[in-house]
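Structural features, examined
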Amino acid sequence: AQKVTQAQTEISVVEKEDVTLDCVYETRDTTYYLFWYKQPPSGELVFLIRRNSFDEQNEISGRYSWNFQKSTSSFNFTITASQVVDSAVYFCALSEGASGNTPLVFGKGTRLSVIA
Amino acid sequence: DSGVTQTPKHLITATGQRVTLRCSPRSGDLSVYWYQQSLDQGLQFLIQYYNGEERAKGNILERFSAQQFPDLHSELNLSSLELGDSALYFCASSVGGGPDTQYFGPGTRLTVL
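The notes below deal with the structure included here. Everything quoted here is computed from the prediction, not taken from an experiment. (Residues numbered from 1 in each chain as written. Chains lettered and ligands numbered in written order. Predicted model: local features only at pLDDT ≥ 70, side-chain atom pairs only at ≥ 80, totals over all residues. Heavy atoms only, no water.)

Some words on the interface of chain A and chain B
- With 19 residues of chain A at the contact, the number on the chain B side is 26 residues.
- Overall, the association of chain A and chain B removes approximately 1600 Å² of surface from exposure, summing both partners, and the carbon and sulfur fraction of that is 53%.
- Counting across the chain A and chain B interface gives zero salt bridges.
- Seen at the junction of chain A and chain B, the total is four residue pairs in polar contact (both at pLDDT 80 or more).
- Breaking the side of chain A that touches chain B down by element, the ones donating at least two residues are strand 5 (32-39) and strand 6 (46-52) of chain A.
- Per-element tally for the side of chain A that touches chain B: the top contributor is strand 5 of chain A, with four residues. (Contact = heavy atoms within 4.5 Å. Buried area = accessible area lost by both parts, 1.4 Å probe. Salt bridge = Lys/Arg side-chain N within 4 Å of Asp/Glu carboxyl O. Polar contact = N/O pair within 3.5 Å; in protein donor to acceptor, adjacent residues only side chain to side chain. Helix = DSSP H or I, 4+ residues; strand = E, 2+ residues; numbered from the N terminus.)

Considerations on the sheet that holds strand 1 (residues 5-7) of chain B
Residue and element names in this part refer to chain B.
- The four strands are arranged 1-3-8-7 in an open sheet whose pairing can be described as antiparallel. Of all strands in the sheet, those with a lone pairing partner are strand 1 and strand 7 (64-68), marking the two edges. Neighbour to neighbour, the strand axes of the sheet diverge by 15° on average, direction disregarded.
- In this sheet, strand 3 (residues 19-24) lies alongside strand 1 in antiparallel orientation, the contact comprising three bridges. Each bridged residue has a counterpart across the sheet, and for Gln6 the counterpart in strand 3 is Cys23. (Pairing = 2+ DSSP bridges. Axes fitted to C-alpha atoms, helices over the stretch in contact; angles between N-to-C directions.)

Focus: the environment of Arg26 of chain B
All names here are of chain B.
- Structurally, Arg26 is set in the loop between strand 3 and strand 4 (31-38).
- Placed 13 residues apart in sequence, Arg26 and Leu39 show a C-alpha to C-alpha distance of 28 Å.
- Discounting residues that sit within four places of it in the chain, Arg26 has contacts with Ser2, Gly3, Val4, Ser93, Val95 and Tyr103.

Things to note about the state of the cysteines
Residues and elements named next belong to chain A.
- Taken as a whole, this structure holds two disulfides over all chains when the rule is applied.
- Cys23 shares a disulfide with Cys92; S-S distance 2.0 Å. When the S-S torsion is -65°, as for the bridge of Cys23 with Cys92, the disulfide is left-handed. Taken together, the residues span a long stretch of sequence, with Cys23 in the loop between strand 3 (19-21) and strand 4 (24-26) and Cys92 in strand 10 (residues 88-96) at a distance of 69 residues. No difference in accessibility class separates Cys23 from Cys92, as the two residues are buried. (Disulfide = S-S within 2.5 Å. Buried < 20%, exposed > 50% of the residue type's maximum accessible area, 1.4 Å probe, protein only.)

Below, the structure written as structure tokens:
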């Protein structure tokens, strides 16, 4: 069965610090997709990134970077030089199957608070 | 703005009542998903439709039902409401038929009193 674990329930950092959010997943499929979503205080879910199981290249987008390691079934998310606007709940999610068009299984989320 | 719209934004009702939540997917998207977010259960998948047909079912109660119409908008019907149904209900859409991303609407916050 598929499962996503975000062991960090809450993290608090001071502005400009780097922070890494952990995500560990379980799946029996060889083809799957991993996602990160951001839920700011306003409540909407904002898509950040999608990764397929065959692409282990790390990705960087501005202050955001993602580290995908199949050997440890992890897909961690790092925010560099955090800002107050980064305060939100961050969800890691998994979608199985070659089509990638299957329902998402979410972790419980990590609440990040960035203090000025 | 994801392009997915949901109405209403907030809904307050009483136990035993029935409500309908509406979702319009992004232009061109054929798949619609419904998710429930509650404090105790987190984000849980309810049901998926693809081009008018039910594609997958998750932890959806029998009191809940959904459909996708020919114009691809979807409605989630919740009946015999209980206090525990209070939650944030999200609709997401994706192109469908291949590996693609689900984009979420702003959600409908349901409060059952």
